[in-house]
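# Topology and contacts: notes
Each chain, written out:
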Amino acid sequence: VFDKSLVAMLIADDQQRYVDANHAVCQMLGYTYDELVGMDIGQLVAKDNNPKQLWGHFLENGTQVGLVLLHH
């Protein structure tokens with residue numbers, strides 16, 4: 001489901017690095033899978049979205065859903 005979803009999805013680890021990405025997010029952002037995996041969330045999340053605050057919310061709630069501006 002993750003790989004075939006039309007919804008762009010990324011999975012990050014405890015060190016704030018992406019460990020998985022689906023095809024939809026690669027297409028949307030113009031990065032290859034290999035470019036995205038290992039990338040720090042701060043490299044992709046626009047500074048206007050305050051990556052540290054988003055990460056804190058994720059750690060508190062176990063998920064982050066909503067509008068997040070990302071670098072293309």
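For the structure, see preceding data.
In this text the structure is predicted, and so the values were computed from the model without any measurement.

## Structural notes on the environment of D40
Tracing the chain through its elements places D40 in the loop between helix 2 (33-36) and helix 3 (41-44). Here D40 falls in the partly exposed class, since its relative accessible area comes to 22%. Along the primary structure D40 and Q15 are separated by 25 residues, whereas in three dimensions their C-alpha atoms are 8.2 Å apart. D40 has contacts with Q15, Q16, R17 and Y18, leaving out every residue within four places of it along the chain. There is a polar contact of 2.7 Å between the side chain of D40 and the backbone nitrogen of G42.

## What about the nonpolar core?
In terms of nonpolar packing, the biggest core is built from 12 residues, these being Y18, A21, V25, C26, L29, L36, M39, I41, L44, V45, L54 and W55. When residues of this core are traced back to their parent elements, those giving at least two are strand 2 (18-21), helix 1 (23-29), helix 3 and helix 4 (51-61). At three residues, helix 1 tops the list of elements feeding residues into this core.

## Points about the pairing of strand 2
Two elements, strand 1 (residues 10-12) and strand 2, share three bridges in a ladder whose sense is antiparallel. The residue of strand 2 that forms the bridge with L10 is A21. The hairpin turn running from strand 1 into strand 2, its antiparallel successor, is five residues long, and Q16 in that turn takes a positive phi close to 65 degrees.

## Description of the side chain of N22
Mapping N22 onto the fold places it in the loop between strand 2 and helix 1. A polar atom in the side chain of N22 sits 2.8 Å from the backbone oxygen of V7. When neighbours within four sequence positions are excluded, N22 is seen to be in contact with F2, D3, S5, V7, A8 and M9.

Rules and cut-offs
Residues numbered from 1 in each chain as written. Predicted model: local features only at pLDDT ≥ 70, side-chain atom pairs only at ≥ 80, totals over all residues. Heavy atoms only, no water. Helix = DSSP H or I, 4+ residues; strand = E, 2+ residues; numbered from the N terminus. Buried < 20%, exposed > 50% of the residue type's maximum accessible area, 1.4 Å probe, protein only. Contact = heavy atoms within 4.5 Å. Polar contact = N/O pair within 3.5 Å; in protein donor to acceptor, adjacent residues only side chain to side chain. Core = buried A, V, L, I, M, F, W, Y, C linked by side-chain atoms within 4.5 Å. Pairing = 2+ DSSP bridges.

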